[in-house]
Amino acid sequence: MTKQSKFSKNNLSHLLAANAVPIVFILISVIGIPLSKFSPGYLVQEMLVRLSRDSFLVLSLLIPIMAGMGLNFGMVLGAMAGQIGLIFISDWNIVGIHGMVLAMLISTPLAIFLGWMCGAILNRAKGREMVTGFILGFFMNGIYQLVVLYGFGKVIPIQNAKLVLSRGFGVRNVTNLEGIRKCLDNLIPFEISGVSVPLATFLVIAVFCVFVVWFRRTKLGQDMRAVGQDMDVARSAGIPVERTRLISIMISTVLACYGQIIFLQNIGTMNTYNSHEQAGMFAIASLLVGGASVSRASILNVFVGVVLFHLMFVVSPMAGKHLIGEAQLGEYFRVFVSYGIIAIALVLHAWRRFKERERSRSALRGEAA
Amino acid sequence: MRRILVSALLLAALVGLGIYCYDAGRAYDLLVDNHDMTLGEKTYSGERDVNVILSKYEPIEMTAQDTMVSTVAGKKHTITVEILDENYEVAETVTGKFTLKDPKKRFLNIPAFLGKDPGWIMENPRN
């Protein structure tokens, strides 16, 4: 009896430790929702919009995790490629779903190249992939800014005067994507009791989920899992480890590129010089909030994470406003909570890893005894 | 060899899709004009209030002697002109098709279209 209760206590503490991050966010949301005074209908609508906007970007992180490369901070490279495609279609004045597809087609070779470059570098930095990817993102940001600020209009011809800075070269800070705004979201109009559902975007996301499930069962997917578990064992089994890791990063970068295009078609405007910077950080934070870890992530983690993270994002400013009484303070609260939750997610993730190690150590001691 | 062929076909299909998207998605600003127009010896009167519907876009409500800008995507379009009576009820509907071939011709004169004049799509005469 004592043994059983000890077992169930251990199980419960393990369950809590494993899901500490989503549990904390659920608790914060439970407190924040009544304080914000938002109606359930509004929150459901907001969550649907944000799920359709962000899920693709977050899903693009799954494949490198499968290959044991951790959270792909290098996904911002894919986001940059997507933005280059969007600048081109804005210049050529291509609108609607055709414009979005053309932006994807234009940016695909660029995303493949950047993914290859990122993968090759990460192969030389085994065990330090996340920090290398993070710094690589900063480095490529510099190159991106150089190309967009000086290359466009000087080397790469730009016809649309509205897109170019008054000096004659360089793209303006804000690129208007009115022509493709919500073109995918509104492709199949669908409403349930006053709540608009972006059905076409969800179908694309569903296809992506099916792709991930299918991919895991393919030879390449199995190889990635083997590489993710133990690179030396995988190499001994004849799996081309470096090539497999390279492909995983390339796939992730290309999918991040599409994810960024889907994200920006929903927003309808692009911060030319910093939209991509937020993409990686928020996608990774969402995945962590969903209960994923550096070495383990599922499709469920993606959706739970996006909902919880964005629920906080929507609720926190109004909750802050009603709690403190001033709209501006609410805005500070929003920024504080936004960055705070990323920090909490990462700290809780580190704590969970520590607890897991401690648990496996005590289990080993128990077995030895 | 087979692999190269498949890759080449895939690449060709993607390039083809790109060209199609460029052609079908390119937006054009059109000037829709309901002013009097003289073409050759004929004069078409723009004294009627009309609703102009270009393909599947929102109807453009135009009073007499009015000019509006409309943005359309792609080169091939249909035009539906609803002629309104004094009570703003649709008295007559005229439909047609047009293709934007000449990049300079972006001016659609509705009275000339209603008069079935082939030159109803023209360069902006006010330039």
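Quick notes on the rules
Residues numbered from 1 in each chain as written. Chains lettered and ligands numbered in written order. Predicted model: local features only at pLDDT ≥ 70, side-chain atom pairs only at ≥ 80, totals over all residues. Heavy atoms only, no water. Helix = DSSP H or I, 4+ residues; strand = E, 2+ residues; numbered from the N terminus. Rg over C-alpha atoms; globule rule 2.2 N^0.38 Å. Buried < 20%, exposed > 50% of the residue type's maximum accessible area, 1.4 Å probe, protein only. Contact = heavy atoms within 4.5 Å. Lys, Arg positive; Asp, Glu negative; His and termini not counted. Charge placed at Lys NZ, Arg CZ, Asp CG, Glu CD. Pairing = 2+ DSSP bridges. Phe/Tyr/Trp six-rings, centres within 6.5 Å; stacked < 30°, edge-to-face > 60°. Lys NZ or Arg CZ within 6 Å of the ring centre and 35° of its normal. Expected span 1.5 Å × (residues − 1). Patch = residues over 30% accessible without salt bridge, like charges linked within 9 Å, V, L, I, M, F, W, Y side chains within 5 Å. Areas by Shrake-Rupley, 256 points an atom, 1.4 Å probe, with all protein chains shown as cover. Salt bridge = Lys/Arg side-chain N within 4 Å of Asp/Glu carboxyl O. Axes fitted to C-alpha atoms, helices over the stretch in contact; angles between N-to-C directions. Parallel < 35°, antiparallel > 145°, perpendicular 65-115°, else oblique. Left-handed = near helix turned anticlockwise from the far one by under 90°. Nonpolar A, V, L, I, M, F, W, Y, C, P; charged D, E, K, R; others polar. Buried area = accessible area lost by both parts, 1.4 Å probe. Arc of directions from axis to C-beta. Polar contact = N/O pair within 3.5 Å; in protein donor to acceptor, adjacent residues only side chain to side chain.

A.B. asks: Would you mind going over the overall build of chain B with me for this structure?
C.D. replies: Helices and strands together make up the secondary structure of chain B, namely 2 helices and 10 strands. Computed over the C-alpha atoms, the radius of gyration of chain B is 19 Å, more than 25% above the 14 Å expected from 2.2 N^0.38 for a compact globule of 127 residues. For chain B, with 127 residues in total, the buried portion stands at 38%. In chain B, once contacts between residues fewer than 6 apart in sequence are set aside, the share between residues at least 24 apart is 54%. Each charge sign in chain B was given a centre, from 15 positive and 18 negative side chains, and these centres are 18 Å apart.

A.B. asks: Can you help me understand the pairing of strand β7 (residues 76–84) of chain B in this one?
C.D. replies: A regular strand places its side chains on the two faces of the sheet in alternate fashion. All names here are of chain B. Sheet topology places strand β4 (residues 50–54) next to β7; 5 bridges connect them, and they run antiparallel. Residue pairing in the sheet places V50 in a bridge with I83 of β7. Sheet topology places β7 next to strand β8 (residues 90–99); 9 bridges connect them, and they run antiparallel. In the strand pairing of β8, T78 is matched with K97. In this antiparallel pair of consecutive strands, β7 and β8, the connection spans 5 residues, and Y88 shows a positive phi of 60°.

A.B. asks: Explain unusual backbone geometry here, please?
C.D. replies: What is expected of a backbone is that most residues other than glycine have negative phi and most peptide bonds are trans. Residue N93(A) is not a glycine yet carries a positive backbone phi of 60°. In this fold, N93(A) is placed in the loop between α5 (75–92) and α6 (96–123). The phi angle at Q65(B) is positive, at roughly 55°, despite the residue not being glycine.

A.B. asks: Please clarify how the packing of aromatic side chains should be interpreted in this entry.
C.D. replies: Each aromatic ring pair is specified by the distance between its two centres and by the angle formed by the two planes. Residues and elements named next belong to chain A. All told, the structure shown has 17 aromatic pairs over all chains when counted by the stated rule. Here the aromatic rings of F88 and W92 are separated by 5.4 Å at their centres, their planes lie at 40°, and the arrangement is tilted. Of the two residues, F88 and W92 both sit in helix α5, 4 residues apart, roughly one turn of that helix. We classify W92 as partly exposed; its relative accessible area is 24%. An aromatic cluster of three or more residues is present, and its members are F56, F208, F211, W214 and F215. The ring of F169 is capped by K154, whose NZ or CZ atom sits 4.3 Å from the centre of that ring.

A.B. asks: Sorry if this is basic, but what is going on with helix α8 (residues 199–217) of chain A here?
C.D. replies: Residues separated by three or four positions in an α-helix point in the same direction, a consequence of the helix having 3.6 residues per turn. Residues and elements named next belong to chain A. Its 19 residues place the ends of α8 27 Å apart at the C-alpha level, agreeing with the 27 Å of an ideal helix rising 1.5 Å per residue. Within the sequence span of α8, burial applies to A200, T201, I205, F208, C209, V212 and F215. In this structure, the buried side of α8 is in contact with α3 (40–59), α4 (62–66), α9 (219–229), α11 (241–267) and α13 (299–324).

A.B. asks: I'm lost on the sheet that holds strand β1 (residues 27–33) of chain B in this one. Help?
C.D. replies: Whenever strands of a sheet pair, they do so through backbone hydrogen bonds, lying parallel or antiparallel. Residues and elements named next belong to chain B. Pairing is mixed across the open sheet formed by 4 strands, whose spatial order is β6-β1-β9-β10. Both edges of this open sheet fall to β6 (67–73) and β10 (121–122), since each of them pairs with a single strand only. Where strand β9 (residues 107–109) lies against β10, 2 bridges are found, and the strand directions are antiparallel. In the strand pairing of β10, F107 is matched with M122.

A.B. asks: What should I look at first to understand a nonpolar patch on the surface in this one?
C.D. replies: Residues and elements named next belong to chain A. Taken together, the side chains of L12, L15, L16, I23 and L27 present a nonpolar region at the surface, about 460 Å² in accessible area. Of all the secondary structure elements, the ones that give two or more residues to the nonpolar patch are α1 (2–18) and α2 (20–36). Here the nonpolar patch takes 3 residues from α1, the largest share from any one element. By secondary structure assignment, the location of I23 is in helix α2. What makes I23 partly exposed here is its relative accessible area of 33%.

A.B. asks: Help me understand the packing of α5(A) against helix α12 (residues 275–289) of chain A in this model?
C.D. replies: All names here are of chain A. One way to put it is that α5 packs onto α12 with a least axis distance of 8 Å and a crossing angle of 140°. With respect to α12, the element α5 is oriented oblique. For the pair α5 and α12, the crossing hand works out as right-handed. Touching M75, V76, A79, M80 and Q83 of α5 are S275, H276, E277, A279, G280 and A283, all from α12. Grouping the constituent residues of the contact of α5 with α12 by class yields 6 nonpolar, 4 polar and 1 charged.

A.B. asks: For this particular structure, what's the right way to read the interface of chain B and chain A?
C.D. replies: Interface size is commonly expressed as the accessible surface area that is lost when the partners come together. The interface is formed by 11 residues belonging to chain B together with 9 residues belonging to chain A. Summed over both partners, the interface of chain B with chain A buries about 870 Å², with 70% contributed by carbon and sulfur atoms. Contact with chain A buries area across many residues of chain B, yet C21(B), Y22(B) and A27(B) alone supply 45% of it, more than any other trio. Our count for the contact surface shared by chain B and chain A stands at 0 salt bridges. Looking at which element gives the most residues to the side of chain B that touches chain A, the answer is helix α1 (residues 2–25) of chain B, with 8 residues. In the side of chain B that touches chain A, the residues fall into 8 nonpolar, 2 polar and 1 charged.

A.B. asks: Whenever I open this one, α9(A) confuses me. Can you help?
C.D. replies: Residue and element names in this part refer to chain A. Buried within α9 we find G221, D223, M224 and V227. Take α9 and look down its axis: the buried residues cluster within an arc of 160°, on one side only. Along α9, exposed side chains directed more than 90 degrees from the buried face belong to K219 and Q229. Contacts from the buried residues of α9 go to α4, α8, α10 (231–236) and α11.

A.B. asks: Quick question: what am I supposed to make of the side chain of R50(A) here?
C.D. replies: Residue and element names in this part refer to chain A. Residue position: R50 is located in helix α3. A polar contact of 3.3 Å, which involves the side chain of R50, links it to the side chain of H310. When neighbours within four sequence positions are excluded, R50 is seen to be in contact with S55, V306, H310, F313 and V314.

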